[in-house]
Amino acid sequence: MTPAAKPPVPLSESLAVLASACREGGVTLGLVREALGAGSGHLLLLVILLPFCQPIPLPGLSTPFGLAVSWLGAGLMMREPAELPRRLAGLKVPATFFPSLLKASAWLLGFLERSFPARAAWIATSGMVRRGCGFLVLWDGFLLALPLPLPFSNTLPAISALLLITGLLRSSFLAQVLGLIIFGVTLGYFYLTWHLVVSVFAAWF
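One structure accompanies this document, and this report is about it. (Residues numbered from 1 in each chain as written. Predicted model: local features only at pLDDT ≥ 70, side-chain atom pairs only at ≥ 80, totals over all residues. Heavy atoms only, no water.)

**Observations regarding the overall build of the protein chain**
Tallying secondary structure elements over the protein chain gives 10 helices and two strands in all. From first element to last, N terminus to C terminus, the protein chain shows the α and β order α-β-α-α-α-α-β-α-α-α-α-α. Long-range contacts, defined here as pairs at least 24 residues apart, represent 78% of the contacts in the protein chain between residues at least 6 apart. Accessible surface computed for the protein chain: about 11,400 Å², of which carbon and sulfur atoms make up 71%. (Helix = DSSP H or I, 4+ residues; strand = E, 2+ residues; numbered from the N terminus. Contact = heavy atoms within 4.5 Å. Areas by Shrake-Rupley, 256 points an atom, 1.4 Å probe, with all protein chains shown as cover.)

**Focus: the nonpolar core**
Of all hydrophobic cores here, the largest spans 37 residues; its most connected members are Leu29, Ile48, Leu84 and Val137. Looking at this core, the elements that each hand over two or more residues are α2 (29–36), α3 (41–49), α4 (62–78), α5 (86–89), α6 (98–115), α8 (127–145), α9 (155–170) and α10 (173–204). Looking at this core element by element, the count peaks at seven residues for α9. With residues up to four places along the chain from it excluded, the contact list for Leu29 reads Leu44, Ile48, Phe65, Ala68, Leu84, Leu88, Ala89 and Leu91. (Core = buried A, V, L, I, M, F, W, Y, C linked by side-chain atoms within 4.5 Å. Buried < 20%, exposed > 50% of the residue type's maximum accessible area, 1.4 Å probe, protein only.)

**Description of the packing of α4 against α8**
Across the interface, α4 lies against α8 with an axial gap of 7 Å and an inter-helix angle of 165 degrees. It follows from the interaxial angle that α4 and α8 lie roughly antiparallel. Of the two possible hands of crossing, α4 and α8 adopt the one that is left-handed. Of the residues in α8, those in contact with Ser62, Thr63, Gly66, Leu67, Val69, Ser70, Gly73, Ala74, Leu76, Met77 and Met78 of α4 are Arg130, Arg131, Cys133, Gly134, Phe135, Val137, Leu138, Gly141, Phe142, Leu144 and Ala145. Looking at side-chain class alone, the contact of α4 with α8 contains 13 nonpolar, seven polar and two charged residues. (Axes fitted to C-alpha atoms, helices over the stretch in contact; angles between N-to-C directions. Parallel < 35°, antiparallel > 145°, perpendicular 65-115°, else oblique. Left-handed = near helix turned anticlockwise from the far one by under 90°. Nonpolar A, V, L, I, M, F, W, Y, C, P; charged D, E, K, R; others polar.)

**Digging into α9**
Across its 16 residues, α9 extends 22 Å between first and last C-alpha, which sits within 8% of the 22 Å expected from 1.5 Å per residue. Of all 16 residues in α9, 13 are buried; the element is thus mostly enclosed. Positive backbone phi, at 50 degrees, marks Ser171, one or two positions downstream of α9. (Expected span 1.5 Å × (residues − 1).)

**Some thoughts on α8**
With 19 residues, α8 ought to run about 27 Å at 1.5 Å a step, and its terminal C-alpha atoms sit 27 Å apart, in line with that. Buried residues of α8: Val129, Arg130, Cys133, Gly134, Leu136, Val137, Asp140, Gly141, Leu143, Leu144 and Ala145, and no others.

**Let's talk about the environment of Gly73**
Turning to its location among the elements, Gly73 is positioned in helix α4. In this structure the C-alpha to C-alpha distance between Gly73 and His42, which are 31 residues apart in sequence, comes to 9.3 Å. Every residue in contact with Gly73, bar those within four places of it in the chain, is listed here: Gly134, Val137 and Leu138.

**Some thoughts on the packing of aromatic side chains**
Evaluated as defined, the whole model comprises three aromatic pairs. For the pair Trp139 and Phe142, a centre-to-centre distance of 5.5 Å together with 80 degrees between the ring planes defines the contact as edge-to-face. Of this pair, Trp139 and Phe142 are both found in helix α8, three residues apart, which corresponds to roughly one turn of the helix. Using a relative accessible area of 37% as the deciding quantity, one classes Trp139 as partly exposed. Given the relative accessible area of 41%, Phe142 is considered partly exposed. (Phe/Tyr/Trp six-rings, centres within 6.5 Å; stacked < 30°, edge-to-face > 60°.)

This is the structure:
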């Protein structure tokens, strides 16, 4: 008799284990992905996005990490989020900040797992949904990478990408829809900001 397959470990538990295993020293995105194991591109995206889901911009971090999000989004359009190039894989997160980040990520994933039950299995197997999600995440990463010292300039694209990735991971139609809505709000915010800047410069000159 074939033994029953073990149920997959919840993503939140995987992150909690990784947080406990982190030691003092330089922690890079490449090391995080290696520790999370094969097929961890989606989870790595959530870890990258979490620090930006608050209204205060993070100067010096949003540009390189936004580029990493764009790279992983482009890979998602193909199939699995791509391996990070050496330069992006070498991005360091302060060691004292990283364990807290992972614990917060574990809490967030636990919340997402409870809030967005997997009720639309077709989302996880649909190539069209995956490619569309990857395309939007790519643009969210690009907007995140813009060095703008404006409230919510990091928050909106980060939340949009986080919800879209959650929709794929959890096969949640609701998360996908919310991600699309926030993406639309994000585009509107950046358009209005650009329009305001152009208007101010035009009035001055």
